[in-house]
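Results of the structural survey
Next come the chains, spelled out residue by residue.
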Amino acid sequence: MSRIVRAAAIQISPVLGDDGLGTARKVCQAIRDAAEKGVKLAVFPETFVPYYPYFSFIQPAFRFGGEHLELYERAVVIPGPVTDMVAEAACDTGMVVVLGVNERDFGTLYNTQIIFDATGEILLKRRKITPTYHERMIWGQGDGSGLKVVESAVGRIGALACWEHYNPLARYALMTQHEEIHCAQFPGSLVGQIFADQMEVTIRHHALESGCFVVNATGWLTEDQIREIARDPALEGPLRGGCFTAIVSPEGKLLGTPLTEGEGMVIADLDFGLITKRKRMMDSVGHYARPELLSLLHDRRPARTVHYAGEADPSLLHTDEVAP
């Protein structure tokens, strides 16, 4: 009998102007609300805690120093109070949670995705490998160690953030590890309708190519939040639209109605039998691959700023490899 997992892609607005924990509390409440609907996997938007740095998209760099410093102060340390709160909610509800955060690692911020298992254990902390456009003024770069699929209570999960989906080799790195559910995260409330249109094409294509489910979550800004962030009516337009919270089957079909405005959840039952049905026709890393012609070199060593002579380099031990 095929396995079925109920998943939720959650479109939600952050809490602005507090110590950063308000958004985390909102995440935990959403987890509990989803649990009441039988959800076993919940996916939240990109860098949702404490909030996505929308200010960097509409302001020149020399003007947003204050907002950038505020983001440093409210960013998430891993492990820390935010991860403890979310881990407790995941454990209490028996839910796998995929959360995007602004991670602070001493003097640098990162666009980080965290996967919590249903026990509350952190299965994966990965950093976006290349921040996009304005984001490069905010975050550092991740490395190949985070491009991995993990075994969770709901199956094999992989994750990418936003335009990482336009890096075909990053996607292929996850595909070779046979992801069953791909968790995608975008900021939402950005760029306008064209962003939502592009997002739909991107996630549906990955579902077809990987032969997996895609659960995609985007953020949402209220009109009051747009005015607060923009501070100028002329800058409000770029902070509207661009939302497409949705769940896609391995056949590229939208499961349920996508959410393009407001807060809410898209919930669907993922029938894993559809994975086999799709891959019987086209397994891009199996019978449809030609590895003697085309293959991927994936460096999974964590980036290190120092190497100590005379000490074993743990990044060379490959102890974090995912079993086939």
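Residues numbered from 1 in each chain as written. Predicted model: local features only at pLDDT ≥ 70, side-chain atom pairs only at ≥ 80, totals over all residues. Heavy atoms only, no water.

In the annotation of an unreviewed UniProt entry, the entry for the protein reads Nitrilase, and the organism field reads Acetobacter tropicalis. Looking at the Sequence similarities (unreviewed entry) heading of the UniProt record, one finds this comment for the protein: "Belongs to the carbon-nitrogen hydrolase superfamily. Nitrilase family." (UniProt positions renumbered as here; feature names shortened; annotations may be inferred.)

Let's shift gears to empty space enclosed by the protein. Rolling a probe over the atoms, with the probe sized like a water molecule, indicates the empty space that remains. Summed over the entire model, instances satisfying the criterion amount to one cavity of 30 Å³ or more. In this structure, the largest cavity encloses a volume near 40 Å³. Taken together, I12, P14, P45, E46, T47, F48, Y52, Y54, P187, G219 and W220 make up the lining of the largest cavity. Taken together, the residues of the lining of the largest cavity break down into eight nonpolar, two polar and one charged. (1 Å grid on protein atoms, 1.4 Å probe; cavity = no way out; pocket = protein on both sides within 12 Å on 5 of 7 lines; lining within 4 Å. Points joined across faces, edges and corners; volume = space filled by probe spheres on them. Nonpolar A, V, L, I, M, F, W, Y, C, P; charged D, E, K, R; others polar.)

Strand pairing in a sheet relies on backbone hydrogen bonds. The paired strands run either parallel or antiparallel. Spatially, β5-β4-β3-β2-β1-β11 is the arrangement adopted by the six strands of the open sheet, whose pairing is mixed. Every interior strand has two partners, whereas the edge strands, β5 (122–127) and β11 (264–271), have only one. With strand direction ignored, the average angle separating the axes of adjacent strands in the sheet is 25°. Direction of pairing for strand β4 (residues 108–116) relative to β5: antiparallel, over a ladder of five bridges. Paired with F116 across the strands is I122, a residue of β5. This element, helix α3 (residues 65–74), spans β3 (96–105) and β4 of the sheet and lies at about 40° to β4. (Pairing = 2+ DSSP bridges. Helix = DSSP H or I, 4+ residues; strand = E, 2+ residues; numbered from the N terminus. Axes fitted to C-alpha atoms, helices over the stretch in contact; angles between N-to-C directions. Contact = heavy atoms within 4.5 Å.)

The next point concerns the sheet that holds strand β9 (residues 213–218). The sheet built from five strands is open, its strands ordered β6-β7-β8-β9-β10 with mixed pairing. Whereas interior strands pair on both sides, the edge strands pair on one side only; in this sheet they are β6 (150–152) and β10 (246–248). Shown here is a sheet whose adjacent strand axes are inclined to one another by a mean of 25°, direction ignored. Sheet topology places β9 next to β10; three bridges connect them, and they run antiparallel. Residue V214 lies in a different strand from β10, and its bridge partner there is V248. Helix α6 (residues 193–210) contacts β8 (181–186), β9 and β10 of the sheet and is inclined by roughly 155° relative to β9.

Structurally, N111 is set in strand β4. Take N111: its relative accessible area is 2%, and that puts it in the buried class. (Buried < 20%, exposed > 50% of the residue type's maximum accessible area, 1.4 Å probe, protein only.)

What tends to happen in soluble globular proteins is that the nonpolar side chains get buried as a cluster. Y54, F186, I203, V214 and L239 are the most contacted members of the largest nonpolar core, which totals 31 residues. With five residues, α6 is the largest single contributor of residues to this core. Apart from residues lying up to four places away in sequence, I203 is in contact with A184, F186, V214, N216, F244, A246 and V248. (Core = buried A, V, L, I, M, F, W, Y, C linked by side-chain atoms within 4.5 Å.)

This brings us to the pattern of salt bridges. All chains considered together, the criterion is met by 22 salt bridges. For the salt bridge of D269 with R6, the shortest nitrogen-to-oxygen distance reads 2.7 Å. On the criterion of sequence distance, the pair formed by D269 in strand β11 and R6 in strand β1 (residues 4–11) is long-range, its members being 263 residues apart. In this structure, E46 engages K128 in a salt bridge whose closest nitrogen and oxygen atoms are separated by 3.1 Å. Placement of E46 in the loop between β2 (41–43) and α2 (55–58) and of K128 in the loop between β5 and β6 is noted, with a sequence separation of 82 residues between them. Residue classification places K128 among the buried residues on the basis of a relative accessible area of 1%. Each of E103, D105, K125 and R127 takes part in a single network of salt bridges with overlapping partners. (Salt bridge = Lys/Arg side-chain N within 4 Å of Asp/Glu carboxyl O.)

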